[in-house]
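Structural features, examined
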Amino acid sequence: MPVPMSPRNLCALLFVMLAYGATPAVGQPELGGAPTVGLGVTLNTDALSLSGPTPAGAPVGFTVPITFGTVRLEPQVGYIRHTQSEASQSETTSALTFGTGAFYRADFDQTLLLAGARIGVTREVQTFESASAPEERIATVNLFLGPVVGGEYYLSDHFSVGAEARFYYINIGQPENAPPERSASVIRTGGAAFLRFHF
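Residues numbered from 1 in each chain as written. Predicted model: local features only at pLDDT ≥ 70, side-chain atom pairs only at ≥ 80, totals over all residues. Heavy atoms only, no water.

1. As for the overall build of the chain
The condition that has to hold: By the criteria applied, helices consist of DSSP H or I runs no shorter than four residues and strands consist of E runs no shorter than two, each listed in order from the N terminus. We call a residue buried when its accessible area falls under 20% of the maximum for its residue type, exposed when it is over 50%, and partly exposed in between, using a 1.4 Å probe and counting protein chains only. Note on contacts: a residue pair qualifies if any of its non-hydrogen atoms lie within 4.5 Å across the two residues.
Scanning the chain from N- to C-terminus turns up 1 helix and 10 strands. Listing every helix and strand of the chain by position from the N terminus yields α-β-β-β-β-β-β-β-β-β-β. Counting only residues that meet the buried cut, the chain has 33% of its 199 residues in that class. Taking the intrachain contacts of the chain between residues at least 6 apart in sequence as the baseline, contacts between residues at least 24 apart amount to 57%.

In structure tokens:
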């Protein structure tokens, strides 16, 4: 036999059910709520080798994801220094990257789908040293931009993992202190995997 419920208890039950239903899934910022900020470590698979221009610049980079409702901004920075030595000569390549990304995010429980674009600059410096010749230094500034799609899964309220696929256009800059030469550009794909902490 069903137990009768008073109007007061019924209203309390409905309130609890509505409040629970309006609660975002684990880790998701509330739409229309205050902006959220995080810190991320990214492994750029398109920069694991320094053969050719790499828009990401460094194999490991750092991001600061900032979420405003359905929009996310991601400033990024990365640095790498690599030296190869052989006999009496050596070559050192370093790259410093600054950039940002802008994305639209779609929420599905603990999973986010992201679509947007990244843009930034990478300053590459190559230094050649030899016992039989003076040191030679070549510096260029490369601009990269292109669309990005990815996904992110929240392990808890504060930690998430994800990956993204990239399609880049890279404008290769002219060497500094060198006469103008013909322009060069590259179109390439890449990817990244990341771990993020959300405050």
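Having seen the structure, we can now continue with the description.
2. Examining unusual backbone geometry
The backbone phi angle of Asp109 is positive, close to 55 degrees, even though this residue is not glycine. Looking at where Asp109 falls in the secondary structure, it is placed in the loop between β6 (89-108) and β7 (111-130). For Asp109, a relative accessible area of 62% puts it in the exposed group.

3. Here we look at the side chain of Thr63
Among the structural elements, Thr63 can be located in strand β2 (residues 60-63). Setting aside its immediate chain neighbours within four residues, Thr63 contacts Gly38, Leu39, Gly40, Thr42, Glu74, Pro75, Gln76 and Arg196.

4. Considering the side chain of Thr67
As a reminder of what qualifies: By the criterion applied in these results, polar contacts are pairs of N or O atoms within 3.5 Å in which, for protein atoms, one can donate a hydrogen and the other can accept it, and in which residues neighboring in sequence qualify only through two side-chain atoms.
Mapped onto the fold, Thr67 is located in strand β3 (residues 66-68). Overall, Thr67 belongs to the buried group, its relative accessible area being 3%. A distance of 3.3 Å separates a polar atom in the side chain of Thr67 from a polar atom in the side chain of Arg72.

5. Some words on the pattern of salt bridges
Where we set the bar: Whenever Lys or Arg places a side-chain nitrogen within 4 Å of a carboxyl oxygen from Asp or Glu, that contact is recorded as a salt bridge.
On inspection of all chains with the given rule, the structure shows 8 salt bridges. Across the pair Arg118 and Glu164 runs a salt bridge whose closest N-O atoms are separated by 3.0 Å. Placement of the pair is Arg118 in strand β7 and Glu164 in strand β9 (residues 159-172), with a sequence separation of 46 residues. In this pair, the class of Arg118 matches that of Glu164, namely buried.

6. Observations regarding the pairing of strand β8 (residues 133-154)
Applicable threshold: Only strands that DSSP links by at least two bridges are regarded as paired with each other.
Across 19 bridges, the pairing between β7 and β8 is antiparallel. Considered in β8, the bridge of Gly120 is made with Phe144. Counting the residues between successive antiparallel strands, the hairpin from β7 to β8 contains 2 residues. For β8 and β9, the ladder comprises 10 bridges, and the chain directions are antiparallel. Residue pairing across strands places Leu143 opposite Asn171, the latter belonging to β9. If you look at the hairpin formed by β8 and β9, you'll find 4 residues sitting between the two strands.

7. So, the pairing of β2
Side-chain alternation along β2 places Gly61 and Thr63 on a buried face and Val60 and Phe62 on a face that remains uncovered. Examined bridge by bridge, strand β1 (residues 36-44) and β2 share 4 bridges and lie antiparallel to one another. Bridge pairing links Val41 to Phe62 in β2. As paired strands, β2 and strand β5 (residues 76-86) are joined by 3 bridges and run antiparallel to one another.

8. Section: the environment of Arg118
On the basis of relative accessibility, which here comes to 3%, the residue Arg118 falls in the buried class. C-alpha separation for the pair Arg118 and Gly99, spaced 19 residues apart in sequence, amounts to 7.2 Å. A polar atom in the side chain of Arg118 sits 2.6 Å from the side chain of Glu74. Reaching out from Arg118, the side chain makes a polar contact with the side chain of Glu164 at a distance of 3.0 Å.

9. A word on the packing of aromatic side chains
Worth spelling out the cut-off: Here is the rule: rings of Phe, Tyr and Trp (six-membered ring for Trp) pair when centre to centre is within 6.5 Å. Planes less than 30 degrees apart are stacked, more than 60 are edge-to-face, and the remainder are tilted. Throughout this description, the term charge over a ring refers to an Arg CZ or Lys NZ atom that lies within 6 Å of the ring centre and within 35 degrees of the ring normal.
Across all of its chains, the model carries 3 aromatic pairs by this definition. Relative to Tyr168, the ring of Phe144 has its centre 5.3 Å away and its plane inclined at 80 degrees; by these criteria the two rings are edge-to-face. Taken together, the residues Phe144 in strand β8 and Tyr168 in strand β9 connect sequence positions 24 residues apart. The buried category is assigned to Phe144, whose relative accessible area is 1%. Between the aromatic rings of Phe197 and Phe199, the centroid separation amounts to 5.1 Å while the plane-to-plane angle is 90 degrees, which identifies the pairing as edge-to-face. Phe199 sits in the exposed class, given a relative accessible area of 60%. Above the ring of Phe194, the side-chain terminus of Arg196 is found at 3.7 Å from the ring centroid.

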